[in-house]
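Next come the chains, spelled out residue by residue.
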Amino acid sequence: MSGRRNGWDDWPPRTKPRRVEGGIKAQTKRGAFGTRWWAKRWIAVLESFGLGTRLSRGRAYARGGQVVDIALEPGGVRAAVQGSRSKPYDVTIRMRELTAREWGAVGTAISANTRLSAMLLAGEMPEDIEASFAAAGTPLFPKSQHELKTACSCPDISNPCKHIAAVFYLIGEEFDRDPFLLFVVRGLPRAAVTDLLTPPAGKAHNGKRENGNVAKDANRTDTADATIAPPAVDAVLLQKAGRFPFWRADEELEEALAPVYARATGTALAWLADHRDSAT
Amino acid sequence: MSPKTSVEFSVAQDRAPVLHARPLAGSLVVWAEPAARFRALLIGTFGATLTANARFARESAGKAVAYFEGDDALAFLSACAGRQLVGDDVRVGDDLAHWVAVLRFAAEVVVQQHMLPGVAYDSIKRVARARWQPVLDETERRRASALGTAAVLDTAAVLDTAAVLDTAVAPGARGARPPAAPHPVVRDSAEIFADALETFVDWLVRAGAPQPPARLPGDSIHARWLAALRAPDGTFIATRAEYESLAAQIEDWRRPVVEARASAYRLCLRIEEPAGDDDASERWNVAYLLQSRGDPSLLLDSAHAAKSTPLRRELLSALGRVAPLSAHVDGSLSSDGALPTGFELDTAGAFDFLTGDASRFEAADVGVILPSWWLGKDAKARINLRAKVKSPKFSAGGVLNSGAFLDVDWSVALGNDPLTASELARLAKLKSPLVNLRGRWVHVDSGELRRALERAKSGSARTLTAGEAVRLALGATVDGTPAGTTLVADGPVGDLLARLKGERSLEPLAPPPSLRAELRPYQARGYSWLHFLTRAGFGACLADDMGLGKTIQTLALVARDWEEAPGEPVLLVCPTSVIENWNREAQRFLPGLPVVVHHGSARERGAQFAKLAESHALVVTGYALLQRDLALFEKVRWRGVVLDEAQNVKNADSKQAQAARALHSGYRVALTGTPVENHVGDLWSLMEFLNPGLLGTAASFRREFFIPIQALGKPEASERLRTLTGPFVLRRLKTDATIISDLPAKQEYKVFCTLTREQATLYEAVLRDLDATLDESEGIERRGRILGALAKLKQICNHPAQFAGDNSPLPGRSGKLARLEEMLEEVTDAGEGALVFTQFAEMGALIVRRLQARFGREVAFLHGGISKQARDAMVARFASAAGPTVFVLSLKAGGSGLNLTRANHVFHFDRWWNPAVENQATDRAFRIGQTKAVQVHKFVCAGTLEDKIDALIERKAALSERVVGAGEGWLTELSSAALRDLVKLSPGAVEG
């Protein structure tokens, strides 16, 4: 975790940042930030800039919780990073927003692909999304440093600096959780994403079983009966919600709360059994 | 007549306090009307500990309110669950009862884990609160809207009070922050309900949470929130900015769940068998459907969904969510923009789908429709193990005992048809557990099939005892048999099974010759049934309605046993209050039968006990002694052990239940008048005494029966339990068509009760006083002293608290009251009504107090201080279905004129010694309009003056009319010696 590694060059001079309690700590303790391809792709953009040791410092800042505030908004990101001075530095990262017309073209390209729209609607981002953006003539990820405007209030003349790098890493993690934040940064409000992804009504496969009917299944045998049942798997809703945005605690949310779910089922079952409605 | 002339009634029903409650911002606000001495009321009703945990506040109009939170609030609501009254006479308001119903709903939500962590700002305490919030599915939303629009929430009283309370709350500021928004003062019922549900869910999730380590001030907002979610109390410190950012993040985090819940449809997969009967076709189809969350039987296929943009979106996004879980779904998504309809599987793939994928899909909120044969609902399509019992080798006429060994042929069958050797050979070679056999698809569990085949091959090597065979036939597993194993038997075993299951009636057994009573036809059947089960080595529970004569049926069995095998006694264990009753009944019906009561300080405790026991047919003892004298009882070889009022062993861990199970005896019988099927939790202990092992271990019983039946309301679990226990429980109701014709319209019983030690001590003290004055006084003075002493003795027989007039605690101090409680429990459990007459209004008040505290339901009480108007209202309420089921009346106020035919039980708690007066009171229930047989229970304290006067009247029925009709005056005419003899306490009158 700590200590000086061999092979670090010490320029610019290393100053120890002020310790932050309860800052935003990267969830990935070692290895790459972000596990999904689009998060890695985002980090790759940063790493292509040739920042040298500023990259590893930025990673250390991200893991150490030096980023104290972060906000994604259409067109970019604002963040505050605690450095060696008393007041955190202000960091901004700005990207070009797509025009409504460009978004329309992206939408059309996506709708033509059933699998792509299904995956996107489910919150997954298949790799062929880039092709859809390319088809609309607007790449999803910035291709070069020119398409990305970064700024930091620190004295380091290098841009991007380690503070910008730290923010970049954390955003990579956040994209991992919710890929549509990438769309938000590119100018599409979160609420408009679903509409973009919904293709117009069309035709189904020509299958032999097609009847286009509404079926009333009298012999329904699924689980949606009036009686209640303890779940087969604990804390399903917690899993479904997924990762928490910019998590700032040492404990993992799911790990910490899953036992609470299991215990609650036991408590409530026992209560129900002991207090069966005697009035009916 | 009574030494106390002024009587204060603590129970006046029109003035009984009513408790109200209202969940409010994380607390449960409780208040009472009238509000006087509110804190004392809470302590008296819920105990000092719970009350001490409440916060109290007083609003402007002088109304006191208490606040409960978390576990305390749950304890408070639990104490009110299923009750109309709490404590002696505190009424549960309609609003409070409604909150209990909402809590029950919240518990169902929590069982299903339909909650997520959230955050709320507590504007009263001015602090951030981590909260567990319900996330309802469609079914729950509909139930919630019904609960949230209940009329009780709409009443102006609730809203007004809420408005007052909202402004009156004392701010318990902690970590004070400015409020995010002013707290709304008046909210509509839907908001009040939603807030309450959220609060209850939060409390239930936290219930019993351990106190986590204190958080450091430097901890991040997320760490503080996470700690607060697991703490008993959810509050945590946050700045306004921190709070707002956290709330926004939580909303963002929950988005996937909220979006999924908001959709009106969910994806549903239906697996369809290959068309055609031959094995060759292995093309199974899985169709994509959209299933309405509101009406799960409404299914839309893919072609239908393709026509509408929102439906198309629903289907696509659901498929996208599931694609990572299933390569089949992923593969069905094309890149051509068309909506897929499903996918195909081969038989091996279908098996994987049925076994593994289906449950994973269900966990991911995808509906799965499986064939009924797979779910085991189609018994004809199940491969099962069959045990065919060969006729045991014993001579005709012998009794097949549960311990007898039976030879068994094992085979494998499809439904009811045994499989041929070639079919079995094919099954053994199966690659896939799904096979088309005789034109239908069946599932063959290879492990179970192997075990079944092994057993089938081992032939007669494996025998069963008759007891095991019975269990197998009733649906239990024996020694690792696969579920669904069937048993076929003819001959004596088939006969035994048919009789156990009630498919073949028992031959009626002639009553023992010594029985001095005619058994009614159903009693003869019950006696034959007891005889059959006990002879076959099974435990039997006779659970007939009160008044059908469980006593005489049992005594007939005991007498028959004694005639067959003298020297082997039966041990009968009963509550202390009925020991004397058993003794008297035995003497009455079987005068020659040697019966010994093992009770009281003079009981035989030495080496002679075994000898004494073996020279008696029946040894009667109480539950307390069962445990205390267990070492003594273990020295005797009992023919049988009978537990009367067997609900006394309902707690399997109690010392009494353990002692009962420890006794060695030829057979075991339990008697109870309460409907055992209504008390699932008590059944395990009862059956473990009667037929050990039948219901598995206590833990497996809780898992397989208690929780599914009580908490989840699973009818199939109840059905399985009924099948398992049914053969060993006989319960006849007075209303059964075959019984009612056997019953007289009115039956009278004497109920002999014992005195407690306290009662006996008081009784002796009054006797000493009387003794001293009897010879010293004469004339008017002597008469007065005698009448005064008699009144005191009668009060003591009723209850020491009546004698003392000191408002002291009631339980455990009077044999009569204990017996009345036991009997009324059976009466009310069976849904019947009862009248309780006493000649003392003070005693009536005490009875009402005790019954209300015990049963949590209103007990009507008519005495001389009630106005005619109030009396008429009371009588009308008693007649209505929702009214009280027990009516206590003072003999003077209620002994004549009223029509109370809702009751079919009449209790005379104390005696007037005038049959005409008693009959007139009885006729309040036994009159035109009465549709049931009426039972009259006359309470008598055995061995006291009550007993002696009762005997005197019985002996001289004619005399009683003439002499006793005038009241108790004739007693004063008795000589001192006769009087001393009349009032003296006989041995055996007192509990041990």
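Residues numbered from 1 in each chain as written. Chains lettered and ligands numbered in written order. Predicted model: local features only at pLDDT ≥ 70, side-chain atom pairs only at ≥ 80, totals over all residues.

**Re the overall build of chain A**
Next, step 1: Of regular secondary structure, chain A possesses 10 helices and five strands.
Next, step 2: For chain A, the proportion of its 280 residues judged to be buried stands at 40%.
Next, step 3: Pairs at least 24 residues apart make up 67% of the contacts formed inside chain A by residues separated by at least 6 positions. (Helix = DSSP H or I, 4+ residues; strand = E, 2+ residues; numbered from the N terminus. Buried ≥ 20, exposed ≤ 12 C-beta atoms within 10 Å, placed from the backbone. Contact = placed C-beta atoms within 7 Å.)

**So, the overall build of chain B**
Next, step 1: When its secondary structure is counted, chain B shows 40 helices and 34 strands.
Next, step 2: The buried share among the 992 residues of chain B stands at 47%.
Next, step 3: Within chain B, counting contacts between residues at least 6 apart in sequence, those at least 24 apart form 72% of the total.

**Notes on the confidence of the model for chain A**
Residue and element names in this part refer to chain A.
Next, step 1: Averaged over all residues, the pLDDT of chain A is 78; the fraction at 70 or higher stands at 80%.
Next, step 2: Considering each helix and strand of chain A separately, the mean pLDDT is smallest for strand S5 (residues 214-216), with a value of 49, and largest for strand S3 (residues 89-95), with 92.
Next, step 3: Below pLDDT 50 for its whole length, residues 1-11 participates in two contacts with residues either more than four positions away or in separate chains.
Next, step 4: In this model, residues 215-225 is a region of pLDDT below 50 whose contacts with residues beyond four sequence positions or in other chains number 25 contacts. (pLDDT = per-residue confidence, 0-100.)

**Some details on the sheet that holds strand S23 (residues 570-574) of chain B**
Where strands meet in a sheet, backbone hydrogen bonds hold them as pairs that are either parallel or antiparallel.
Residue and element names in this part refer to chain B.
Next, step 1: Strand order in the open sheet made by the seven strands is S24-S25-S23-S26-S27-S22-S28, with parallel pairing throughout. In this open sheet, the two edge strands, each paired with only one partner strand, are strand S24 (595-598) and strand S28 (729-730).
Next, step 2: Relative to strand S27 (residues 665-671), strand S22 (residues 540-542) runs parallel, the two being bridged by three bridges. Pairing of Cys541 across the sheet is with Ala670, part of S27.
Next, step 3: Taken strand by strand, helix H19 (residues 521-535) contacts S22, strand S26 (638-643), S27 and S28, and its axis lies near 165 degrees from that of S22.
Next, step 4: Across the sheet, helix H21 (residues 579-589) is in contact with S23, S24 and strand S25 (618-622); its angle to S25 comes to roughly 160 degrees. (Pairing = 2+ DSSP bridges. Axes fitted to C-alpha atoms, helices over the stretch in contact; angles between N-to-C directions.)

**Regarding helix H38 (residues 945-955) of chain B**
Next, step 1: The set of residues buried in H38 of chain B consists of Leu945, Glu946, Asp947 and Ile949 of chain B.
Next, step 2: Packing partners of the buried residues in H38 of chain B comprise helix H31 (779-798), strand S34 (934-941) and helix H40 (976-983) of chain B.

**Let's talk about the sheet that holds strand S31 (residues 859-862) of chain B**
All names here are of chain B.
Next, step 1: The strand order across the open sheet built from six strands is S29-S34-S33-S30-S32-S31, with neighbouring strands paired in parallel fashion. Each edge of the open sheet is held by one strand with a lone partner, namely strand S29 (746-753) and S31. Each adjacent strand pair in this sheet contributes to an overall mean axis angle of 20 degrees, direction not counted.
Next, step 2: Relative to S34, S29 runs parallel, the two sharing eight bridges. Bridge pairing links Val751 to Phe939 in S34.

**Description of the interface of chain B and chain A**
Next, step 1: Facing 82 residues of chain B, the contacting portion of chain A comprises 79 residues.
Next, step 2: The leading source of residues in the side of chain B that touches chain A is helix H12 (residues 309-322) of chain B, at eight residues.
Next, step 3: Each residue belonging to the side of chain B that touches chain A can be placed in one class, and the counts come to 41 nonpolar, 27 polar and 14 charged. (Nonpolar A, V, L, I, M, F, W, Y, C, P; charged D, E, K, R; others polar.)

**Brief notes about the pairing of S27 of chain B**
Residue and element names in this part refer to chain B.
Next, step 1: Of all seven residues that make up S27, six are buried, and the element is covered over most of its length.
Next, step 2: Where S26 and S27 come together, five bridges link them in parallel fashion. Note that in S27 the partner of Gly640 across the bridge is Tyr667.
Next, step 3: Since S26 and S27 lie parallel, the crossover through helix H25 (residues 655-662) that links them has a hand, and here it is right-handed. (Right-handed = clockwise from strand over helix to strand, strands pointing away.)

**Considering the nonpolar core**
Next, step 1: Val167 and Leu170 of chain A together with Ala106, Val110, Leu204, Ala469 and Cys541 of chain B are the most contacted members of the largest nonpolar core, which has 278 residues in total.
Next, step 2: Looking at which element gives the most residues to this core, the answer is helix H4 (residues 94-111) of chain B, with 11 residues.
Next, step 3: Non-local contacts of Ala469 of chain B, meaning those with residues more than four positions away in its chain, are made with Val389, Leu406, Leu464, Leu487, Ala489 and Val493 of chain B.
Next, step 4: With 78 residues, the next largest nonpolar core counts Ala789, Leu810, Val859 and Phe861 of chain B among its residues. (Core = buried A, V, L, I, M, F, W, Y, C linked by C-beta atoms within 7 Å.)

**Some remarks on the confidence of the model for chain B**
Should pLDDT be low for a region, the predicted coordinates there are not to be read in detail.
Residue and element names in this part refer to chain B.
Next, step 1: Mean pLDDT over chain B stands at 83; residues scoring 70 or higher make up 88%.
Next, step 2: Contacts for the low-pLDDT stretch residues 1-13, under 50 throughout, to residues beyond four places or in other chains number 19 contacts.
Next, step 3: Note that residues 166-185 has pLDDT below 50 and, in this model, 32 contacts with residues that lie over four places away or in other chains.
Next, step 4: Among the scores for the predicted complex, ipTM is 0.76 and pTM is 0.77.

**Thoughts on the domain arrangement of chain A**
Where the parts come together, the accessible area they lose is often given as the size of the interface.
Residues and elements named next belong to chain A.
Next, step 1: The assigned domain composition of chain A is domain 1 (37-197) and domain 2 (236-274).
Next, step 2: Distance between the C-alpha centres of domain 1 and domain 2: 31 Å.
Next, step 3: Each partner contributes to the interface: domain 1 provides four residues, whereas domain 2 provides four residues.
Next, step 4: When residues in the side of domain 1 that touches domain 2 are grouped by element, the largest group, three residues, is from helix H6 (residues 162-177).
Next, step 5: Classifying every residue of the side of domain 1 that touches domain 2 gives two nonpolar, no polar and two charged. (Domains from an automatic or database assignment.)

**Brief notes about unusual backbone geometry**
Next, step 1: In the segment running from Asn159 of chain A into Pro160 of chain A, the intervening peptide bond is cis, with an omega of 5 degrees.
Next, step 2: Along the chain, Pro160 of chain A turns up in the loop between strand S4 (148-152) and H6.
Next, step 3: The peptide bond linking Glu33 of chain B to Pro34 of chain B adopts the cis configuration, its omega dihedral lying at -5 degrees.
Next, step 4: In the Ramachandran plot, Ala235 of chain A falls in the positive-phi region, its phi being about 55 degrees despite a non-glycine side chain.
Next, step 5: For Ala235 of chain A, the location among the structural elements is in the loop between S5 and helix H9 (236-241).
Next, step 6: With 21 C-beta atoms packed within 10 Å, Ala235 of chain A lands in the buried category.
Next, step 7: The phi dihedral of Phe246 of chain A falls on the positive side, at around 40 degrees, and the residue is not glycine.
Next, step 8: As for its placement among the helices and strands, Phe246 of chain A is situated in the loop between H9 and helix H10 (253-274).
Next, step 9: Classification of Phe246 of chain A by C-beta neighbours within 10 Å gives buried; the count is 24.

**Thoughts on helix H34 (residues 841-855) of chain B**
All names here are of chain B.
Next, step 1: In a regular helix each residue adds 1.5 Å, so 15 residues correspond to 21 Å; H34 covers 21 Å between its end C-alpha atoms and thus fits that length.
Next, step 2: Judged by how many residues are buried, H34 sits mostly within the fold: 13 of 15 residues are covered.
Next, step 3: Backbone geometry just downstream of H34 places Gly856 in the positive-phi region, at approximately 70 degrees. (Expected span 1.5 Å × (residues − 1).)

**Re the domain arrangement of chain B**
Next, step 1: Domain annotation for chain B reports domain 1 (15-259), domain 2 (265-369), domain 3 (379-500), domain 4 (521-740) and domain 5 (748-983).
Next, step 2: Between domain 1 of chain B and domain 4 of chain B, the C-alpha centre-to-centre distance is 47 Å.

**Some points on the environment of Lys734 of chain B**
All names here are of chain B.
Next, step 1: When you line up the elements, Lys734 lands in the loop between S28 and helix H29 (737-740).
Next, step 2: Note: C-alpha distance between Lys734 and Lys932 (198 residues apart in sequence) is 7.9 Å.
Next, step 3: Discounting residues that sit within four places of it in the chain, Lys734 has contacts with Asp545, Gly547, Leu548, Ile739, Ile740, Leu743, Lys932 and Ala933.

**Focus: the environment of Ala804 of chain B**
All names here are of chain B.
Next, step 1: Relative to the helices and strands, Ala804 resides in helix H32 (residues 800-804).
Next, step 2: Note on Ala804: 12 C-beta atoms within 10 Å, which makes it exposed.
Next, step 3: Placed 269 residues apart in sequence, Ala804 and Arg535 show a C-alpha to C-alpha distance of 52 Å.

**As for the packing of H19 of chain B against helix H20 (residues 550-564) of chain B**
All names here are of chain B.
Next, step 1: Where H19 contacts H20, the two axes come as close as 9 Å, and the packing angle between them is 50 degrees. Viewed along their axes, H19 and H20 adopt a mutual orientation that is oblique. When you trace H19 past H20, the crossing you get is right-handed. Of the residues in H20, those touching H19 at Gln523, Gly526, Tyr527, Leu530 and His531 are Ile552, Gln553, Ala556, Leu557 and Arg560.
Next, step 2: Of the residues assigned to the contact of H19 with H20, the class counts are five nonpolar, four polar and one charged. (Parallel < 35°, antiparallel > 145°, perpendicular 65-115°, else oblique. Left-handed = near helix turned anticlockwise from the far one by under 90°.)

**A look at the pairing of strand S8 (residues 127-134) of chain B**
Residue and element names in this part refer to chain B.
Next, step 1: Of all the eight residues making up S8, eight are buried; the element is thus mostly covered by neighbouring parts of the structure.
Next, step 2: Burial of the side chains of S8 extends over both faces: Val127, Arg129, Arg131 and Gln133 are buried on one face and Ala128, Ala130, Trp132 and Pro134 on the other.
Next, step 3: Bridging between strand S7 (residues 115-122) and S8 involves eight bridges; their strand directions are antiparallel. Paired with Gly118 across the two strands is Arg131, which belongs to S8.
Next, step 4: Taking the residues between adjacent antiparallel strands as the criterion, S7 and S8 are bridged by four residues, where Arg126 takes a positive phi near 55 degrees.

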